[in-house]
Amino acid sequence: MPEGPGEGTAGSSAKRTTKKANSHDFVEGDCYAPAPENTDHVSLKRSYDLFIGGKWVRAPKKFETINPATEEVIAEVGEAGPKMVNRAVGAARDAYEKTWSKMPGRERGKYLYRLARLIQERSREFAVVETMDGGKPIRESRDIDLPLVAAHFFYYAGWADKLEYAFPGRKARPLGVAGQIIPWNFPLLMAAWKLAPALAAGNTVVLKPAETTPLTALLLAELIEEADFPPGVVNVITGAGRTGQNLVQHEGIDKVAFTGSTAVGKLIQKTLAGTGKRFTLELGGKAANIIFDDAPINQAVEGIVNGIFFNQGHVCCAGSRLFVQEGLVDTVLRKLKRRMESLVLGDPLDKNTDIGAINSPEQLTRIQGLVDSGREQGAKCWQSSQKIPGKGNWFKPTIFTDCAQSHRIVQEEVFGPVLAVQSFRTPEEALEKANNTPYGLSGGVWTDKGSKIFKITSQLRAGVLWANTFNKFDPSSPFGGYKESGMGREGGLHGLGAYVQLSGR
Ligand code: NDP
């Protein structure tokens, strides 16, 4: 497809113009020439049913899914009540017992490879739908989410016939039926993280996407149909939190995999206590991004921007707490503010956009509430000067300085484009502050010295750590947290291990 005239990322090849608003009627004024992604190739239905037992089953109730950038209704989807949850779990059980768990690994692998290739073929369309339904910039869904989705299916397809090598000397058996509940920040990617290892290991699945972003999971169900998976191996049921709750409580599932808030994660853990069901919980985070005075500053500033403003900060591993060594604070803040001013906020379907729409009005309210608390508690707020479009949910890139460790914006997950900045003098002080949080999902360190990287990363209490980079993902690399960030790992061999029972040695 031809690229628009302003193709490129903020601060790179795109030229500044004074062109007026683009065809979507977003902000007028000084902006990049519009480069809207073509949507002609996307054909969505007006109404979607539930995907159960290989068939599209009509739900008695429906709800609308709304584009958070335009407030337009995109489609309506089914709301699965207890009966439909029961039917989906039954279909998954049947498929587990009759076909999938009995099928040789190499055959399961073929289905997964086929699905991975179909995703690649349709990736443009899926990226557009992900952006329309969730609000993230098309540049991210096209260049990050979709390639990673395909890569996850390819990666785990490769393990399907090699389980005996994955766990040498042990016999790996699937667990049974997995109930998988995913959030709205990376809808299709989270579906891939959950489905690919479960299916490769021989489990069958009931997947519940988030209420505000159900569409790409439903399109994925269409691909699963096209790839001719045996009926019931994957079931997709849409609905709200209650649907997820019914799934977790269902006696017919053997494993729960959940990604979402710590509060719901704790509820799930309580529900499952004593049931013998296995579970993995991937919950919130409050990552420290630590910049030492010997760091490559310009790279570090890019890393800070990527760490917190990627996907509007709707990222569990976002670098939402910035720690800068004292002598460098003024320089980093000056460069950071300048870079923040260059970020393009607006139409998520425009290929120049860096900051898309906030996923829902509820999330916008939550972000605003935490930002208000930052001001009330005495931190100093600075926001970039981009204009906010008249319609939709938007939040400007925001930083807080003069933060205290006890401030809510330092302790709580904002899940929005809001960064809390603090300084430190010694590595010990950086570590103490960085570890002073209930979370332990991720962290970053920026320094010229390899020895300092090892010292800091070995003492940071976080499951995922980046050095001189941030937010890098790979299907072969495990991901997960400590403390209130959850338990269990997804990705890599660890992620496969979460879907098998091992015996013998
Ligand atoms: P939730 O934890 O409520 O949602 C995550 C998923 O769980 C959704 O599919 C949701 O359904 C479902 N769900 C909700 N309640 C239950 C339940 N009782 N039992 C089973 N499943 C349930 O997150 P929110 O969407 O409410 O976001 C709130 C906050 O959580 C955010 O501000 C952010 O801080 C954090 N969050 C963290 C994420 C992460 O990756 N760590 C991801 C998303 C949110 P439904 O969408 O229909 O409510």
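Since the structure is predicted, the reported quantities are computational estimates derived from the model, not experimental observations.

Criteria and cut-off values
Residues numbered from 1 in each chain as written. Predicted model: local features only at pLDDT ≥ 70, side-chain atom pairs only at ≥ 80, totals over all residues. Heavy atoms only, no water. Helix = DSSP H or I, 4+ residues; strand = E, 2+ residues; numbered from the N terminus. Expected span 1.5 Å × (residues − 1). Buried < 20%, exposed > 50% of the residue type's maximum accessible area, 1.4 Å probe, protein only. Arc of directions from axis to C-beta. 1 Å grid on protein atoms, 1.4 Å probe; cavity = no way out; pocket = protein on both sides within 12 Å on 5 of 7 lines; lining within 4 Å. Points joined across faces, edges and corners; volume = space filled by probe spheres on them. Nonpolar A, V, L, I, M, F, W, Y, C, P; charged D, E, K, R; others polar.

Caption draft 1: A look at helix H11 (residues 329–341). Over its 13 residues, H11 runs 18 Å from end to end, which matches the ideal 18 Å to within 8%, given 1.5 Å per residue. Here H11 has its buried residues at Val329, Val332, Leu333, Leu336, Arg339 and Met340. The buried residues of H11 all sit within an arc of 130 degrees when viewed along its axis, so they share a single face. Within H11, the exposed residues directed more than 90 degrees away from the buried face are Asp330, Arg334 and Arg338.

Caption draft 2: Structural detail: empty space enclosed by the protein. For the coordinates displayed, the defined rule picks out four cavities of 30 Å³ or more. Computed from the structure, the largest cavity encloses a volume of approximately 90 Å³. Taken together, 16 residues line the largest cavity, and the ones lying closest to its centre are Arg321, Ala434, Ser442, Arg461 and Ala462. Of all elements in the fold, only helix H14 (427–435), strand S19 (439–440) and strand S20 (442–446) reach the threshold of two or more residues within the lining of the largest cavity. Of the pockets and cavities examined, the second largest cavity occupies roughly 70 Å³. Every residue lining the second largest cavity is listed: Phe186, Leu189, Met190, Trp193, Glu282, Val315, Cys316, Cys317, Phe473 and Phe479. Broken down by element, the lining of the second largest cavity gets its largest block of residues, three residues, from helix H6 (residues 187–200). Considering only residue class, the lining of the second largest cavity consists of nine nonpolar, no polar and one charged.

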